[in-house]
Amino acid sequence: MNKKAKNRKTNVLAKSRNGVIFPVADKIATMPADYPGFMKELKTRIRQERTKAVLAANSALVLMYWDIGNSILAKQRKSGWGTKVIDRMSADLKEEFPDMSGFSPRNLKYMRKFAEAWPDNAIVQRTVAQIK
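Everything numeric here is computed off the predicted structure, so don't read it as measured data. Note that residues are indexed from 1 along each chain, following the sequence as it is written. Under the rules for a predicted model, residues below a pLDDT of 70 receive no local features and side-chain atom pairs below 80 are neither given nor counted, while totals for whole chains, interfaces and linings still include all residues. Each side-chain value is derived from all of the structure's non-hydrogen atoms; neither hydrogens nor water enter the calculation.

Trainee: Residue-level account of the nonpolar core, with values.
Mentor: Soluble globular proteins tend to bury their nonpolar side chains together. Residues belong to a common nonpolar core when they are buried Ala, Val, Leu, Ile, Met, Phe, Trp, Tyr or Cys residues joined through side-chain atoms within 4.5 Å. A simple rule labels every residue: compare its accessible area, found with a 1.4 Å probe on the protein chains alone, to the largest value its type can have, and call it buried under 20%, exposed over 50%, or partly exposed in between. Ranked by size, the top nonpolar core spans seven residues in total: Ile68, Ile72, Ile86, Met89, Phe103, Leu108 and Met111. Counting residues per element, the ones that place at least two in this core are helix H2 (35-79), helix H3 (83-96) and helix H4 (105-117). Whether two residues are in contact is decided by their heavy atoms, any of which lying within 4.5 Å being enough. Excluding its chain neighbours within four sequence positions, the residues that come into contact with isoleucine 86 are Ile72, Gln76, Pro105, Leu108, Lys109 and Arg112. Listed in part, the five residues of the second largest apolar core include Trp66, Leu73, Ala115 and Val124. Numbering of helices and strands runs from the N terminus, with a helix taken as a DSSP run of H or I at least four residues long and a strand as a DSSP run of E at least two residues long.

Trainee: Which residues make up a nonpolar patch on the surface, and what values do they have?
Mentor: Taken together, the side chains of Phe38, Leu42 and Ile46 make up a nonpolar region of the molecular surface, amounting to roughly 280 Å² of accessible area. Secondary-structure assignment places phenylalanine 38 in helix H2. What goes into a patch is any residue over 30% in relative accessible area without a salt bridge, connected to like charges within 9 Å or, for nonpolar side chains (Val, Leu, Ile, Met, Phe, Trp, Tyr), within 5 Å. Reported accessibility uses the Shrake-Rupley method at a 1.4 Å probe radius. Residues are deemed covered only where the shown protein chains occlude them. Salt bridges are defined as contacts in which a side-chain nitrogen from Lys or Arg sits within 4 Å of a carboxyl oxygen from Asp or Glu.

Trainee: Tell me about the environment of valine 124, and please be specific about residues and values.
Mentor: Tracing the chain through its elements places valine 124 in helix H5 (residues 121-129). Overall, valine 124 belongs to the buried group, its relative accessible area being 3%. Sequence-wise, valine 124 and phenylalanine 114 are 10 residues apart; in three dimensions their C-alpha atoms are separated by 9.8 Å. Ignoring anything within four residues of it in the chain, the contact list for valine 124 reads Leu63, Trp66, Phe114 and Trp118.

Trainee: How would you explain H2 if you had to name every residue and give the values?
Mentor: Look at H2: 65 Å from first C-alpha to last across 45 residues, which is about the 66 Å you get at 1.5 Å a residue. Of the residues making up H2, those classed as buried are Ser59, Trp66, Ile68, Gly69, Ile72, Leu73 and Gln76. Tucked inside the fold, the buried residues of H2 contact H3, H4 and H5. Positive phi appears at glycine 80, one or two residues downstream of H2, with a value of about 75°. Expected span of a helix, by definition, is 1.5 Å for each gap between consecutive residues, and there is one gap fewer than residues.

Trainee: For the packing of H2 against H5, give the residues involved together with the corresponding values.
Mentor: When two helices pack together, their arrangement is given by the angle between the helix axes and by the axis-to-axis distance. Every axis corresponds to a line fitted to the C-alpha atoms, with the helix fit spanning only the stretch in contact, and the corresponding angles, defined between N-to-C directions, vary from 0 to 180 degrees. Running from N to C, H2 and H5 cross one another at 165°; their axes reach a closest spacing of 10 Å. As summarised for this structure, H2 and H5 are arranged roughly antiparallel, according to the angle between their axes. The way H2 lies across H5 gives a crossing that is right-handed. For the pair H2 and H5, the contacting residues are Ser59, Val62, Leu63 and Trp66 in the first and Asn121, Val124, Gln125 and Val128 in the second. Looking at the contact of H2 with H5, its residues break down into five nonpolar, three polar and no charged. In these notes the angle categories are as follows: under 35 degrees is roughly parallel, over 145 is roughly antiparallel, 65 to 115 is roughly perpendicular, and the rest is oblique. In this scheme the handedness of a crossing depends on how the near helix is turned from the far one: anticlockwise by less than a right angle means left-handed, clockwise means right-handed. Gly is placed with the polar residues, together with every amino acid not listed as nonpolar (Ala, Val, Leu, Ile, Met, Phe, Trp, Tyr, Cys and Pro) or charged (Asp, Glu, Lys and Arg).

Trainee: How would you explain the packing of H2 against H4 if you had to name every residue and give the values?
Mentor: In contact at an axis separation of 7 Å, H2 and H4 are set at 85° when each is read in the N-to-C sense. Regarding the angle of H2 to H4, the classification is roughly perpendicular. Contacts from Val62, Tyr65, Trp66, Ile68, Gly69, Asn70, Ile72, Leu73, Gln76 and Arg77 in H2 reach Leu108, Met111, Arg112, Phe114, Ala115 and Glu116 in H4. The class makeup of the residues in the contact of H2 with H4 is 10 nonpolar, three polar and three charged.

Trainee: Pulling in residues and values, what's your account of the pattern of salt bridges?
Mentor: Under the criterion given, the structure shown has three salt bridges. For arginine 88, the salt bridge identified is with aspartate 92, shortest N-O distance 2.8 Å. In this pair, arginine 88 and aspartate 92 both sit in helix H3, four residues apart, roughly one turn of the helix.

Below you can see the structure in the form of structure tokens.
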């Protein structure tokens, strides 16, 4: 196929803007008969996997929050850390991870309380595993 014929074919199947060619999908009526069912199954699977990914991320965050709280508790017991250290920790974590939320002094204290209320990591892990 020569270049001119190829360009004509491309122009029929694509839109062009500022010299960039964008492909255009064929109409649904031209798709094979089993295409709609296939797409329905594919969309369902994508939704399910997205949900599993969100739940896994949430589980990991809960465990991380427990671990942070437990680490704060251990330092407070061993080294006598007080509220000023938590305030400084909050500022440092916010600076290091500006795209994350949840590291306010209040939340760090909640993490500490969480670890204090549930001191056994194994229980926390088993409970979090039920979220998945």
